[in-house]
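# Secondary and tertiary structure notes
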Amino acid sequence: MSDFQHIVVYGGGTMGQGIAELLSKKGFEVTVIEKTRALANQARHHIELSLNKQLSKWGITQAEKKIILSRIDFTNEDTVLERADLVIETVTEDLQEKKKVFDRCDRFCPMDAILSSNTSTLSLTELAAVTRRPQRVIGLHFLHPITRLDLVEVVRGLKTEEETVRRIRQFLEKLHLTAIEVHESPGFVTTRLIVILINEALYTLMEGVATPEDIDTAMIRGYQFPYGPLEMADRFGLDSVLASMERLFREYGDPKFRPAPLLKKMVWAGQLGVKTGEGFFRYDEDGDRLREDVR
């Protein structure tokens with residue numbers, strides 16, 4: 001079977017919300033699982049905010065909004081995994097936490113279901129090892145913002161079988177997403193490259209070479225980036241960027257992955273970017289940039 005009838009997104013944070021919204025728009029039935037009912041309701045609220053924003057800009061109609069929301073269920077019960085064809089795990093970038101999720105999914109899901117992770121740095125082989133189906137474990141690294149970027153890294157673990165890759169690629173084609181195949185390596189392609197750019201932007205800022213606004217403008221206007229590296233970091237979450245860099249530094253032992261001190265200070269200060277409303281720039285509740293410099 002190559003078609004997925006019911007998809008579970010395990011984790012209702014920013015990435016999980018975006019994936020669920022995308023899948024629903026393409027006609028798939030989706031269930032979002034969160035730790036608590038309150039968090040599940042919060043995920044629904046944020047997806048509704050996203051749809052309302054599109055509605056206000058004439059991107060969708062009121063009827064389309066209702067249809068999209070009707071295809072997404074929100075729960076804190078793992079029992080919904082019993083009817084899942086595909087699980088896309090999007091919990092925090094922590095190996096032990098993800099292992100727990102994969103263990104639960106393996107116990108509840110049908111044996112022919114595919115288990116995937118949206119991890120940007122962790123080992124798929126290690127996650128697959130806690131399951132009885134390592135041949136049906138694969139990485140699906142969506143890029144943020146999901147509804148605007150059409151690239152997905154399809155990451156093979158050591159035992160991922162060809163049939164699993166084939167089914168996933170066929171699925172991504174139905175979503176009109178571009179897939180690149182990646183063999184397991186810390187940071188894959190996108191994270192490995194982008195964190196170095198972000199880190200160098202941080203050092204450029206620390207050295208007083210230019211303001212945050214001008215650093216980002218240089219990359220937007222000069223190299224046609226949709227966002228500059230500093231706003232990009234704000235949108236990823238500065239804590240997530242730091243976690244990725246620290247893991248890549250441990251894995252490769254290369255100084256180019258050592259996080260800039262300014263990044264650590266920002267995280268310690270709780271200025272994490274869009275999720276807290278302030279990072280290198282300020283943002284409103286909808287995640288739109290306020291056109292005023294923080295520094």
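Anything mentioned here points back to the structure above.
Note that the structure is a prediction, hence the values are computed from the model and not measured.

## A closer look at the packing of aromatic side chains
Following the criterion strictly, the structure yields three aromatic pairs and no others. With 5.4 Å between their ring centres and 75° between their planes, Phe 28 and Phe 171 make a pair best called edge-to-face. Of this pair, Phe 28 sits in the loop between helix 1 (14-25) and strand 2 (29-33) while Phe 171 is found in helix 6 (residues 162-174), placing the two residues 143 residues apart along the sequence. Phe 171 gets classed as buried once you look at its relative accessible area, which sits at 1%. With centroids separated by 5.3 Å and ring planes inclined at 20°, the aromatic side chains of Tyr 252 and Phe 257 adopt a geometry described as stacked. We classify Phe 257 as buried; its relative accessible area is 1%. Following the ring pairs from residue to residue traces out a cluster consisting of Phe 4, Phe 28 and Phe 171. We note Arg 289 situated over the ring of Phe 281; from NZ or CZ to the ring centre the distance is 3.6 Å.

## Focus: unusual backbone geometry
A positive phi angle is found at His 176, which is not glycine, with a value near 60°. Located in the positive-phi region is Gln 224, a residue other than glycine, with phi close to 60°. Residue position: Gln 224 is located in the loop between helix 8 (212-223) and helix 9 (229-236). Classification of Gln 224 as exposed rests on a relative accessible area of 74%.

## Observations regarding the pattern of salt bridges
All chains considered together, the criterion is met by 23 salt bridges. Ionic pairing is found between Asp 78 and Arg 104, a salt bridge with its closest N-O pair at 3.3 Å. On the criterion of sequence distance, the pair formed by Asp 78 in the loop between strand 3 (72-75) and strand 4 (86-89) and Arg 104 in helix 4 (residues 95-108) is long-range, its members being 26 residues apart. Here Arg 132 and Asp 106 are joined by a salt bridge, their closest N and O atoms 2.9 Å apart. Note that Arg 132 is positioned in the loop between helix 5 (124-128) and strand 6 (137-142) and Asp 106 in helix 4, a separation of 26 residues in sequence.

## Focus: the environment of Glu 200
Inspection of the secondary structure assignment puts Glu 200 in helix 7 (residues 190-206). Taking the relative accessible area as the measure of exposure, Glu 200 reaches 49% and is therefore partly exposed. In sequence terms Glu 200 and Phe 257 are 57 residues apart; their C-alpha atoms lie 9.9 Å from each other.

About the cut-offs
- Residues numbered from 1 in each chain as written.
- Predicted model: local features only at pLDDT ≥ 70, side-chain atom pairs only at ≥ 80, totals over all residues.
- Heavy atoms only, no water.
- Phe/Tyr/Trp six-rings, centres within 6.5 Å; stacked < 30°, edge-to-face > 60°.
- Helix = DSSP H or I, 4+ residues; strand = E, 2+ residues; numbered from the N terminus.
- Buried < 20%, exposed > 50% of the residue type's maximum accessible area, 1.4 Å probe, protein only.
- Lys NZ or Arg CZ within 6 Å of the ring centre and 35° of its normal.
- Salt bridge = Lys/Arg side-chain N within 4 Å of Asp/Glu carboxyl O.

Taken by themselves, the reported measurements are silent on function.
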